[in-house]
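# Summary of the model geometry
Residue-level listing of the chains:
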Amino acid sequence: MGVKLDPWGHYAIEDYVKLLAEFGIHPIDEVLGSLPRKHMYFERRVIFGHRDFNLWLDALKHGEKVAVLTGFMPSGRPHLGTAMVYEELRFLQSLGAHVKIVIADAEAYIVRREERSDVVKRGVDFIAHAIAWGIDPEKAEFYYQTAMDNEYYRLIQMFSRKISMAEMEAIYGELTPGKIVASLTQAADILHLQLDKYGGYRHVVVPVGADQDPHLRLTRDLADRFEQELGLKRPSSIYHKLLRGLDGNKMSKSRPEFAIHLDDDPDLAEKKLLNALTGGRATADEQRRLGGEPWKCSIYELYVYHLVGDDSELREVYDECVTGRVLCGQCKRRAVERLKRRLIEHQERYREVLSSGIVDKVLRKPSF
Ligand code: SF4
């Protein structure tokens, strides 16, 4: 059976190689040599695939205007999976990209049926955490979907004119009217900044989890169909693996007990980590004899994605596990120490960002 991608689902994707083949996503190895600087997500293949990222890198190299856009649906609180996107934005911004972040409040209202006022409040939090993570607000723009003006909304109507129901179902599977509106709104988010009014960024890359690829496929088709009329170009995209929750499924804002949130009390984060699913064996004796299975372990994933920056140190953690030299209890405690330190430092910066009032200055909010 083929891989099914549902951007609104809550599952982890195991088979990334199959995903590359099935959807024509290119392996990231193709472009590693063109990156001006290394980053552990690329080196470790946490970012495993791309579409046309080579063209984006080429534009960057030749001094053309480049941008990176992403969206957050504020249906919960930012967690370590959200922080992966912050980290990608921070890195691409450091290479010279303009950053644009959309708070998908229209989508939260339409698809998740969230209260408008809650969504608007949580959006502020997503932006405050992004800035605390290291995104420079001077080289970025932040907006709510419902704060946008006529030209942006006109795009959604124009897009609906050139896509059929059968084409949308081929991309997304079963759809509701709400999901159709949400998908076309996302296409407007990705493509609007190519219009001169919004900056004229013709080279846009969208970093996404692999489950979001349907939105990119739709948007690329729409860009092709409006190339003549609006001068739109296909966006590039890069794909990261999904950080699994502490129970082994996708880390999701809607299952808070299995996610580490950026504003979790460090002691609560400790408790969650100590209860996390590992790749350990049934007994200590068995683990000493056979070694652990880090590829099944949510703690090891945290080391790879967030807690160990140095590759040789990461190799040591792996070796200690597979040879049974270190057991899960000790390994978890080491992860707990690092995670608590990270959370404490991040939360200090987050409080500074909030008290500075910068978010109110930079975030384009709805007026109702
Ligand atoms: S020793 Fe560490 S990396 Fe290995 S399975 Fe246990 S917790 Fe995971």
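Residues numbered from 1 in each chain as written. Predicted model: local features only at pLDDT ≥ 70, side-chain atom pairs only at ≥ 80, totals over all residues. Heavy atoms only, no water.

The name given to the chain in an unreviewed UniProt entry is Tryptophan--tRNA ligase, with the source organism recorded as Desulfurococcus mucosus. UniProt, in the comment section headed Sequence similarities (unreviewed entry), describes the chain in these words: "Belongs to the class-I aminoacyl-tRNA synthetase family." (UniProt positions renumbered as here; feature names shortened; annotations may be inferred.)

Before going further, it helps to examine the overall build of the chain. Within the chain one finds 17 helices and eight strands. The C-alpha radius of gyration computed for the chain amounts to 21 Å, which stays within 12% of the reference 21 Å derived for 368 residues, consistent with globular compactness. The buried share of the chain, taken over its 368 residues, is 57%. Taking contacts inside the chain between residues at least 6 apart in sequence as the whole, the part at least 24 apart equals 76%. (Helix = DSSP H or I, 4+ residues; strand = E, 2+ residues; numbered from the N terminus. Rg over C-alpha atoms; globule rule 2.2 N^0.38 Å. Buried < 20%, exposed > 50% of the residue type's maximum accessible area, 1.4 Å probe, protein only. Contact = heavy atoms within 4.5 Å.)

Considering all chains together, one arrives at two cavities of 30 Å³ or more under this definition. Put simply, the second largest cavity is a space of about 130 Å³. Along the wall of the second largest cavity there are 16 residues; nearest its centre are Gln287, Cys297, Cys321, Cys328 and Cys331. Where the lining of the second largest cavity is concerned, the elements lending two or more residues are α14 (298-307), α15 (311-322) and α16 (328-356). The dominant element in the lining of the second largest cavity, judged by the number of residues it contributes, is α16, at four residues. The class makeup of the residues in the lining of the second largest cavity is eleven nonpolar, three polar and two charged. (1 Å grid on protein atoms, 1.4 Å probe; cavity = no way out; pocket = protein on both sides within 12 Å on 5 of 7 lines; lining within 4 Å. Points joined across faces, edges and corners; volume = space filled by probe spheres on them. Nonpolar A, V, L, I, M, F, W, Y, C, P; charged D, E, K, R; others polar.)

This paragraph deals with the site of the ligand. Taken together, the neighbourhood of the ligand is formed by Thr278, Gly279, Gly280, Gln287, Cys297, Ile299, Tyr300, Cys321, Val326, Cys328 and Cys331. In this structure the site holding the ligand corresponds to the second largest cavity. Of all the secondary-structure elements, those providing two or more residues to the shell around the ligand are α14 and α16. (Near = heavy atom within 4 Å. Sits in = over half its atoms within 2 Å of the grid points.)

Here the focus is the packing of aromatic side chains. Scanning all chains against the criterion turns up nine aromatic pairs. Ring plane angle 50° and centroid distance 6.0 Å describe the contact between Phe42 and Phe91, whose orientation is recorded as tilted. With Phe42 in helix α2 (residues 40-43) and Phe91 in helix α4 (residues 80-95), the pair connects residues that are 49 residues apart, well separated along the chain. For Phe42, a relative accessible area of 2% translates into the label buried. Using a relative accessible area of 4% as the deciding quantity, one classes Phe91 as buried. When the centroid spacing of 5.7 Å and the interplanar angle of 40° are considered together, the rings of Phe72 and Phe126 count as tilted. Linking Phe72 in strand β3 (residues 66-72) with Phe126 in helix α6 (residues 116-133), this pair joins segments that are 54 residues apart in sequence. (Phe/Tyr/Trp six-rings, centres within 6.5 Å; stacked < 30°, edge-to-face > 60°.)

Let us now look at the nonpolar core. Counting residues in each nonpolar core, the largest one holds 76 residues, and the members touching the most others are Phe53, Leu92 and Tyr303. The two domains that each donate at least three residues to this core are domain 1 (10-242) and domain 2 (256-351). In this structure Phe53 touches Ile28, Val31, Leu35, Phe42, Leu92, Val205, Ser236, Ser237 and Ile238, once residues within four positions along its chain are discounted. Core analysis: the second largest hydrophobic core is formed by 42 residues, Leu20, Met168, Leu184 and Val206 among them. (Core = buried A, V, L, I, M, F, W, Y, C linked by side-chain atoms within 4.5 Å. Domains from an automatic or database assignment.)

On to unusual backbone geometry. One non-glycine residue, Arg45, lies in positive phi territory at about 60°. Tracing the backbone through its elements, the reader meets Arg45 in the loop between α2 and β2 (47-51). Of note in the backbone geometry, Asp52 takes a positive phi value of approximately 55° without being a glycine. Of note, Asp52 is situated in the loop between β2 and α3 (53-61). Residue classification places Asp52 among the partly exposed positions, given a relative accessible area of 22%.

Another point: the packing of α14 against α16. Describing two packed helices takes the angle between their axes plus the distance from one axis to the other. Viewed as axis vectors pointing N to C, α14 and α16 meet at an angle of 35°, and their least axial separation amounts to 10 Å. Considering how the two elements wind past one another, α14 and α16 form a crossing that is left-handed. Of the residues in α16, those touching α14 at Ile299, Tyr303, His306 and Leu307 are Cys331, Lys332, Arg334, Ala335, Arg338, Leu339 and Arg342. Considering only residue class, the contact of α14 with α16 consists of six nonpolar, one polar and four charged. (Axes fitted to C-alpha atoms, helices over the stretch in contact; angles between N-to-C directions. Left-handed = near helix turned anticlockwise from the far one by under 90°.)

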